[in-house]
Amino acid sequence: MTAAPFTRRFLIEAARTPVNLLVLVLVPVVFVVVAAGPMADAAELLGGPGGPAVQTATAGWAASFIAAIAMYFQMRGARAADRRLVLAGLAPSRLVAARTTTGLALALLAAAAALLALQLRTGLGDDPGRVLAGTLMFAVIYLAIGALIGVLVANPVNGTVLVLFVWILDVFFGPAIGAADRPVTRVLPTHFVTLWMIDLPSHHAGRIGDLGWALAWVVVATAVGWTVIIATSRVARPRRHARPGSAVDQVAAGVRMGLRETGRNRVLWALLIAVPVVFVLLAVATTPDEFTSMTVREHGRAFSQQVWLPDVHGGTMAPIAIASLATLAGLFTVLGARSADQRLALAGFRPGSLLASRLAVVSLLALLATAASLAVTATVFEARQWGLYIASNTLIALTYALIGVLIGPIFGRVGGVLIAFLVPFLDIGIEQSPMLQPQPPTWAHALPGYGPGRVLIDAALTPTFDETGALLLGIAWLAALTTAAALLFRHAATAPR
């Protein structure tokens, strides 16, 4: 028997959740259309090539992230089933071929959407074959990364944060955004793929050239993916637990259980420290020595202020790390406890107590991400109003943690992770970023990050508080999201009986 029937069944299984397929197309399209221009501007600011080269690379970046996430969840969701198939007599090589083909098919769907968006936005350039091949190599390399993380990391919060962590390192410190000749970045997975794809010779690839090293990465990635999928087919270990309580005691019991479960997750603690450390400190280390303009408000008047980029870059990167970590914390706290919450509700756990305990755990994780990020940021950045700066980052964390709570029941694990990546990146990382534009565009005022983002800039750069309206807008967003999360959570916890 060939691997084709199993590949077909795996694809049919993936297609049973139409929202996942929609997101696989929607996320890369939005990423290329919205993020290509601002990332090209950021690349020029940080010493990279900028322009069409970076916009071309966005197709590969989108395909790689989608490929890693799709492969990670395919590995985690099918571990027990794959083991049963092997025990039933399926050759491991055929299982590997089927799983790899399924992941590649999903990645190709995302890559096709990204390339179509790139064609409509800027075109594929003078060598479309190079762009197509480069995007495919991005996807293959990240399929292996997703498979490897799927084997090593069982907890979906840790797994997706680790995928995001590798991807951020690869993209933001790679040759398209920063300088191409930094020795430390040559070990990044798509360093040589990026250089070859955007036709930027490295002059440090030796005799085999950039294409040779890129193909070597693809071959090694394929071998790693093959090996880890075979290893996965021999292991299965499902695990869940929950427990009832009562009234105020129920809230305390729910929080205690949530924190106990989180406390066992030692990889998460390491990631909460490692992500802001690497993201903020490496961003500061690669910042060029030059001035930039940022719009601030002082004594009721908005004006443009010249700031020294190395002094402020770390302070503007912290909220991006905070928003991403908080969104994933909210997403997986709710999804991980969903079936347990339904059983607790049936066992007599009051819906209000259950909601309060889950939101308390989500808030504590968001505050932990904030504390870890700000502790790192304080070593490289000096805010003019520290109390307000901490408050604005906390508001961002709580806001995006609630967005993660809402995303989970609507989009599920795979679609939820992709949306959880896209929303804070486009909002905090692109549209609200003072590094990319002096002030957010008018339409971005409607995004959840606008209010706390303006408060953050005011706290970071000015000695007095002048953003009362923005603060109230941020609090209004927090209240609305809390209400929406309460309604959705009550339905999700009590619907299936």
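All of these numbers come straight from a predicted model, not from anything done at the bench. (Residues numbered from 1 in each chain as written. Predicted model: local features only at pLDDT ≥ 70, side-chain atom pairs only at ≥ 80, totals over all residues. Heavy atoms only, no water.)

**Student:** What exactly am I supposed to notice about the overall build of the protein chain here?
**Tutor:** The secondary structure content of the protein chain amounts to 17 helices and two strands. Residue burial in the protein chain is summarised as follows: out of 497 residues, 57% are buried. The contacts in the protein chain between residues at least 6 apart in sequence include a share of 76% that link residues at least 24 apart. (Helix = DSSP H or I, 4+ residues; strand = E, 2+ residues; numbered from the N terminus. Buried < 20%, exposed > 50% of the residue type's maximum accessible area, 1.4 Å probe, protein only. Contact = heavy atoms within 4.5 Å.)

**Student:** In this structure, what is going on with the packing of aromatic side chains? I would like to understand it.
**Tutor:** Describing an aromatic ring pair means giving the distance of the ring centres and the angle of the ring planes. Scanning all chains against the criterion turns up nine aromatic pairs. Between the aromatic rings of W167 and F425, the centroid separation amounts to 6.4 Å while the plane-to-plane angle is 80°, which identifies the pairing as edge-to-face. Taken together, the positions of W167 in helix 7 (residues 156-172) and F425 in helix 15 (residues 386-431) put the pair 258 residues apart, joining distant regions of the chain. What makes W167 buried here is its relative accessible area of 1%. (Phe/Tyr/Trp six-rings, centres within 6.5 Å; stacked < 30°, edge-to-face > 60°.)

**Student:** Any chance you could explain the environment of L367 here in plain terms?
**Tutor:** Here L367 shows up in helix 14 (residues 351-377). Taking the C-alpha atoms as reference points, L367 and T394, separated by 27 residues in sequence, lie 6.6 Å from one another.

**Student:** Could you clarify how one ought to interpret the side chain of E431 in this entry?
**Tutor:** By secondary structure assignment, the location of E431 is in helix 15. With near-sequence residues (within four places) excluded, E431 lies in contact with V34, L426, Q437, P440, P441, W443, A444 and L447.

**Student:** What exactly am I supposed to notice about the pattern of salt bridges here?
**Tutor:** For side chains bearing opposite charge, pairing can occur when the charged atoms are close. Following the criterion strictly, the structure yields one salt bridge and no others. In this structure, R297 and E467 form a salt bridge, with 3.8 Å as the shortest nitrogen-oxygen distance. In this pair, R297 is assigned in strand 1 (residues 291-298) and E467 in the loop between helix 16 (450-461) and helix 17 (468-494), connecting sequence segments 170 residues apart. For R297, a relative accessible area of 31% gives the class partly exposed. (Salt bridge = Lys/Arg side-chain N within 4 Å of Asp/Glu carboxyl O.)

**Student:** I tried to follow the environment of A446 on my own but got confused; where do I start?
**Tutor:** Of note, A446 is situated in the loop between helix 15 and helix 16. Taking relative accessible area as the criterion, A446 reaches 56% and is therefore assigned exposed.

**Student:** Is there a simple way to think about the pairing of strand 1 in this case?
**Tutor:** Looking along a regular strand, one sees the side chains alternate between the two faces of the sheet. Looking at chain direction, strand 1 and strand 2 (residues 301-308) are connected through eight bridges and run antiparallel. Within strand 2, the residue paired with V296 across the bridge is F303. Taken together, strand 1 and the strand that follows it, strand 2, pair antiparallel across an intervening segment of two residues, in which H299 is found at a positive phi of about 55°. (Pairing = 2+ DSSP bridges.)

**Student:** Before we go on, may I ask you to explain the nonpolar core in this structure?
**Tutor:** The nonpolar side chains of a soluble globular protein tend to be buried, and buried together. Residues F31, M39, W61, W167 and Y389 are the most contacted members of the largest nonpolar core, which totals 130 residues. The element best represented in this core is helix 15, accounting for 23 residues. (Core = buried A, V, L, I, M, F, W, Y, C linked by side-chain atoms within 4.5 Å.)

**Student:** Just checking my understanding: could you explain the confidence of the model for the protein chain for this structure?
**Tutor:** Detailed conclusions should not be drawn from predicted coordinates in areas where pLDDT is low. Per-residue confidence for the protein chain averages 76 on the pLDDT scale, and 73% of its residues sit at or above 70. Per-element mean pLDDT across the protein chain ranges from 58 in helix 1 (residues 4-15) up to 89 in helix 16. Per-residue pLDDT stays below 50 along residues 235-247; that stretch engages in 27 contacts with residues further than four places along the chain or on separate chains. (pLDDT = per-residue confidence, 0-100.)

**Student:** Sorry, what's going on with the side chain of S324 here?
**Tutor:** For S324, the position within the fold is in helix 12 (residues 309-336). If we ignore the near neighbours within four places in the chain, the residues touching S324 are L164 and P424.

**Student:** Explain helix 15 to me, please; I cannot follow it from the model alone.
**Tutor:** In an α-helix, one turn spans 3.6 residues, which is why side chains three or four residues apart end up on the same side. For helix 15, which comprises 46 residues, the first-to-last C-alpha distance of 24 Å sits more than 12% below the rise-based estimate of 68 Å (1.5 Å per residue). Its maximal kink placed at G412, helix 15 deviates by approximately 125°. (Expected span 1.5 Å × (residues − 1). Bend = angle between axes of the 7 residues up to and from the residue.)

**Student:** How should I be thinking about the packing of helix 15 against helix 16 in this particular structure?
**Tutor:** Any two packed helices are characterised by the angle at which their axes cross and by the distance between the axes. Helix 16 packs onto helix 15 with a crossing angle of 145° between their chain directions and a minimal axis gap of 8 Å. The two elements helix 15 and helix 16 cross, and the hand of that crossing is left-handed. Residues L388, Y389, S392, N393, L395, I396 and D427 of helix 15 touch helix 16, and the partners they reach there are Y450, P452, V455, L456, D458, A459 and A460. Counted by class, the contact of helix 15 with helix 16 contains ten nonpolar, two polar and two charged residues. (Axes fitted to C-alpha atoms, helices over the stretch in contact; angles between N-to-C directions. Left-handed = near helix turned anticlockwise from the far one by under 90°. Nonpolar A, V, L, I, M, F, W, Y, C, P; charged D, E, K, R; others polar.)

**Student:** Is there a simple way to explain the packing of helix 7 against helix 15 in this structure?
**Tutor:** Helix 15 packs onto helix 7 with a crossing angle of 45° between their chain directions and a minimal axis gap of 12 Å. Classified by the angle their axes make, helix 7 and helix 15 are oblique. Relative to helix 15, the crossing made by helix 7 is right-handed. Residues P156, T160, L164, W167 and F172 of helix 7 form the contact with helix 15, whose participating residues are R413, V417, F421 and F425. (Parallel < 35°, antiparallel > 145°, perpendicular 65-115°, else oblique.)

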